[in-house]
Amino acid sequence: MACVVRQALVRARPRASLGRARASRRAPARESRLRARSAATKEAEPPGLAPKVHFLGIGGAGMSALAIIALSQGYRVSGSDARASAQLDAVREAGATCFVGHDARHVGGSDARETSTLDDPSREPIVDPPDAVVVSSAVPGDNVEVAFARETGIPVFSRAQWLARVTRGRSVAAVAGTHGKTSTSAALAVALRSAGLDVSAIVGGNVPQFPNGRNAVGGGDDVFVVEADEYDGAFLGLEPTTAVLLNVEHDHPDMFEDERAVVEMFARFLKRVKPGGTVVACGDDANVRELVAGLPEKVWDERDDDDETSDADDDSVPRRAIRCVTFGFGANNAWRAVDVRFDKDTGGCSFKIEHEGAFVSELSVPGIGAYAALNALAAFVAAAVVAQRRFKDDTDSFYRTLCVSLATHEGVKRRMQCVGETTDVYVYDDYAHHPTAVRLSIAAMRESHKDAFLAVAFQPHTFSRTETMFDAFVDALVGSRADHIVVTSVFDARPEKERNTQKERGCASLRGGNVAVDVAARAGGKFAATEDEAVDSVVAAVRVALQSATRTDGGTNSHPRGGNKKVVVLCLGAGAGFDVARQVFARLENA
């Protein structure tokens, strides 16, 4: 039974047999022993068990979403991660068996190896072997669980390969771009579900309007919304019917040498769009314009696919052409957001939607800043494209539904999330970890709280990004006009080794060449080696600012919701477990 189940699981992946052939050439005696153990455990399984998938890095945003989708599809799911996290706990609560640390026993081994990362390794089996192992790009190649899986012939998939399997045969709406893809894909999925489509979705952050506030949802509809990640070419396994391209900028310098390499990766992604599909592209972005320049615009067969009167052999009908639909602020776009303004009543932003110069709707969204308006417009246009045939007889009603959904969208956790407020203070948590995102997030705070004391706590994400984009990070922080800046230690996500040599930056390193210390010094801020130090620094600065404000206004507190507070705290960073915002608010709330 086990062999039949595993064959069914990997039938669509012919190269899996190559992995087994390679494994069989390894030490015959050890190979035989490992296979015997695996087979013995499998024989003990009750009949009729569903296939089992094991995810390495299950606490990460991408892998946890894949695990939740696998659970929704009926798989048994297990996984491991190097560190405990709220995301790992959420997957466990969804029904997965999760481990902290890595050990061969997590994939069916019965002996702990020297490379085990468990604190108390034993020689007792923990679980039965999985039918497949899916590995995050953040997991080192010499991981003990991966090694055991390969030695015993268990198929090993990359995140991109498994995502391709999950979405195969579905109508994929893939949201790609250097910035904004999590917020946009979440808004798109929620809007389509509000319109009655039971879509599936994978998003890189927790969405309050998904079941149990998770980062993925399984649905019965053909449409599958996917946040399409460019890192390690993860989105190249997708075959989108609709591809949303928000922006393209240099990022992930450990993977892409320069911006041109990033553009070339996105060009490969656009080639994956299915014939007859649509690219929804931001015409305001120069790299996006370059990428879609070769795509035909406004070439589309408006007839239904089931129209029996159509002539399928008529060469004059470009049924297979890929069309491009543009959106943005500029007049060159088919869909535009115009008259964008801060909404004092809601604390968000409002704007008008126009299509080909004609007014479509007024839209007010909770998000702050121009980029929030742009992401909302992208979600609106993408939803219109995805569902255009289903609602073609009542487009106005469909557009109204989309606007209501976007206006009431609760966003994504850690995307400009207000974690709490007191009479005088707002505390926000945001995922920004790229210089552009840092600059825009702080600018949005300044726009909505013009006269407030602004304290910024920033956690750099990966050594390679922080060093390569050092000057841009400094410029973003200096240009922010923040009143108090704290920079924490770098979050080592991959993990990477901090390099001993650094670029000449015209400043002396304060702590042995630590790049985060250098960023803080050049930006005129403070360095905090730990999160506790960062919290202490922010809280102390806030209390001084509040005392000063009280002396200035005589102790009055007349700041309306959506208006200026006396103090705003903005915590920026993408590291797992980065919890400075909540700790700051807890300290201020209980003071």
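None of the values given here were measured: they were computed from a predicted structure.

Enquirer: Is there a simple way to think about the packing of helix 13 (residues 435-448) against helix 15 (residues 470-478) in this case?
Expert: Running from amino to carboxyl end, helix 13 crosses helix 15 at an angle of 5 degrees, the nearest separation of the two axes being 9 Å. Considered as vectors, helix 13 and helix 15 are oriented roughly parallel to each other. For the pair helix 13 and helix 15, contact is made by P435, V438, R439 and I442 and by A472, F473, A476 and L477, respectively. Split into classes, the residues belonging to the contact of helix 13 with helix 15 amount to 7 nonpolar, no polar and 1 charged.

Enquirer: For this particular structure, what's the right way to read the pattern of salt bridges?
Expert: Per the stated rule, a full pass over the model turns up 19 salt bridges. Through salt bridges with shared partners, one network takes in K52, R76 and D128.

Enquirer: Explain the sheet that holds strand 19 (residues 484-488) to me, please; I cannot follow it from the model alone.
Expert: Within the open sheet, the 6 strands sit side by side as 16-17-21-18-19-20. Their pairing is mixed. Each edge of the open sheet carries a strand with a single partner, namely strand 16 (417-421) and strand 20 (526-528). With direction set aside, neighbouring strand axes in the sheet form an average angle of 20 degrees.

Enquirer: Even after reading the chapter, I still don't get the sheet that holds strand 6 (residues 171-176), so can you show me in this structure?
Expert: Within a beta sheet, neighbouring strands are joined by backbone hydrogen bonds and run either parallel or antiparallel to one another. Strand order across the open sheet formed by 10 strands is 8-7-9-6-10-11-12-13-14-15, with mixed pairing between neighbours. Every interior strand has two partners, whereas the edge strands, strand 8 (216-217) and strand 15 (358-365), have only one. Judged from the 5 bridges that link them, strand 11 (residues 278-282) and strand 12 (residues 323-328) form a sheet pairing that is parallel. Across the sheet, the residue bridging to T278 is R323, located in strand 12.

Enquirer: In this structure, what is going on with the nonpolar core? I would like to understand it.
Expert: The tendency in soluble globular proteins is for nonpolar side chains to be buried as a group. Formed by 54 residues in total, the largest nonpolar core has its most connected members in L188, L192, F327, W335 and F380. Among the elements that line this core, the one with the most residues is helix 11 (residues 370-386), at 14 residues. With sequence-adjacent residues up to four places away left out, L192 is seen in contact with L197, V199, V223, V225, A383, V386 and A387. Among the nonpolar cores identified, the runner-up in size contains 50 residues, and F55, I68, V134 and I322 belong to it.

Enquirer: Explain the pairing of strand 12 to me, please; I cannot follow it from the model alone.
Expert: Strand residues, when the strand is regular, have side chains that alternate between the two faces of the sheet. Among the 6 residues of strand 12, 6 are classified as buried, and the element is accordingly described as predominantly covered. Neither face of strand 12 is exposed, since R323, V325 and F327 on one face and C324, T326 and G328 on the opposite face are all buried. One ladder, built from 2 bridges, connects strand 12 with strand 13 (residues 335-342); its direction is parallel. The residue of strand 13 that forms the bridge with G328 is R336.

Enquirer: I would appreciate a short explanation of unusual backbone geometry in the present structure.
Expert: You will see that N212, though not glycine, has its phi angle at about 60 degrees, which is positive. Note that N212 resides in the loop between strand 7 (200-202) and strand 8. The phi dihedral of H252 falls on the positive side, at around 50 degrees, and the residue is not glycine. One can find H252 in the loop between strand 10 (242-245) and helix 9 (259-270). A relative accessible area of 10% means that H252 is categorised as buried.

Enquirer: So what exactly am I meant to see when it comes to the packing of aromatic side chains here?
Expert: Any aromatic ring pair is given by two values, namely how distant the centres are and how the planes are angled relative to each other. All chains considered together, the criterion is met by 12 aromatic pairs. The interplanar angle of 85 degrees and the centroid separation of 6.4 Å between the aromatic rings of F55 and W162 together place this pair among those described as edge-to-face. Pair noted here: F55 is in strand 1 (residues 52-56) and W162 is in helix 7 (residues 159-167), with a separation of 107 residues, a long-range link. Taken as a pair, F55 and W162 share a single burial class, namely buried. Between F458 and F473 the ring centres are 5.3 Å apart and the planes differ by 35 degrees, which places this aromatic pair in the tilted class.

Enquirer: Which parts of the structure should I look at to understand a negative patch on the surface?
Expert: On the surface, a cluster of negative charge is contributed by E257, D258, E259 and E264. Along the chain, D258 turns up in the loop between strand 10 and helix 9. Residue D258 is classed as partly exposed on the basis of its relative accessible area, which comes to 35%.

Enquirer: I would appreciate a short explanation of the confidence of the model for the protein in the present structure.
Expert: A low pLDDT means the predicted coordinates there should not be read in detail. Looking at the protein as a whole, the pLDDT averages 81, with 77% of positions reaching at least 70. pLDDT under 50 marks residues 555-564. Its contacts with residues more than four places away, or in other chains, come to 25 contacts.

Enquirer: Mind showing me how you'd approach the pairing of strand 10 here?
Expert: Residues T242 and V244 point to one face of strand 10 and A243 and L245 to the other, with burial holding for every one of them. Relative to strand 10, strand 6 is paired through 4 bridges, and the arrangement is parallel. Bridge assignment links V175 to a residue of strand 10, and that residue is V244. Bridge analysis of strand 10 against strand 11 gives 4 bridges, and the strand direction is parallel. Looking at strand 11, one finds that V244 is bridged to V280. Where the polypeptide runs from strand 10 across helix 9 and back to strand 11, its parallel neighbour, the crossover connection is right-handed.

Enquirer: Even after reading the chapter, I still don't get helix 11, so can you show me in this structure?
Expert: An α-helical turn contains 3.6 residues, so a residue and the one three or four places further along point in the same direction. With 17 residues, helix 11 extends 24 Å from end C-alpha to end C-alpha; this agrees with the ideal 24 Å at 1.5 Å per step. Burial analysis of helix 11 places 15 of its 17 residues in the buried class, the great majority of the element.

Enquirer: Would you mind going over the packing of helix 15 against helix 16 (residues 515-522) with me for this structure?
Expert: Two numbers describe a pair of packed helices, the interaxial angle and the distance between the axes. For the pair helix 15 and helix 16, interaxial distance at closest approach is 9 Å and the crossing angle is 40 degrees. Overall, the two elements helix 15 and helix 16 adopt an arrangement that is oblique. As helix 15 runs across helix 16, the sense of the crossing is right-handed. Together, F470, D471, V474, L477 and V478 of helix 15 and V515, D518, V519 and R522 of helix 16 make up the contact between the two elements.

About the cut-offs
Residues numbered from 1 in each chain as written. Predicted model: local features only at pLDDT ≥ 70, side-chain atom pairs only at ≥ 80, totals over all residues. Heavy atoms only, no water. Axes fitted to C-alpha atoms, helices over the stretch in contact; angles between N-to-C directions. Helix = DSSP H or I, 4+ residues; strand = E, 2+ residues; numbered from the N terminus. Parallel < 35°, antiparallel > 145°, perpendicular 65-115°, else oblique. Contact = heavy atoms within 4.5 Å. Nonpolar A, V, L, I, M, F, W, Y, C, P; charged D, E, K, R; others polar. Salt bridge = Lys/Arg side-chain N within 4 Å of Asp/Glu carboxyl O. Pairing = 2+ DSSP bridges. Core = buried A, V, L, I, M, F, W, Y, C linked by side-chain atoms within 4.5 Å. Buried < 20%, exposed > 50% of the residue type's maximum accessible area, 1.4 Å probe, protein only. Phe/Tyr/Trp six-rings, centres within 6.5 Å; stacked < 30°, edge-to-face > 60°. Patch = residues over 30% accessible without salt bridge, like charges linked within 9 Å, V, L, I, M, F, W, Y side chains within 5 Å. Areas by Shrake-Rupley, 256 points an atom, 1.4 Å probe, with all protein chains shown as cover. Lys, Arg positive; Asp, Glu negative; His and termini not counted. Charge placed at Lys NZ, Arg CZ, Asp CG, Glu CD. pLDDT = per-residue confidence, 0-100. Right-handed = clockwise from strand over helix to strand, strands pointing away. Expected span 1.5 Å × (residues − 1). Left-handed = near helix turned anticlockwise from the far one by under 90°.

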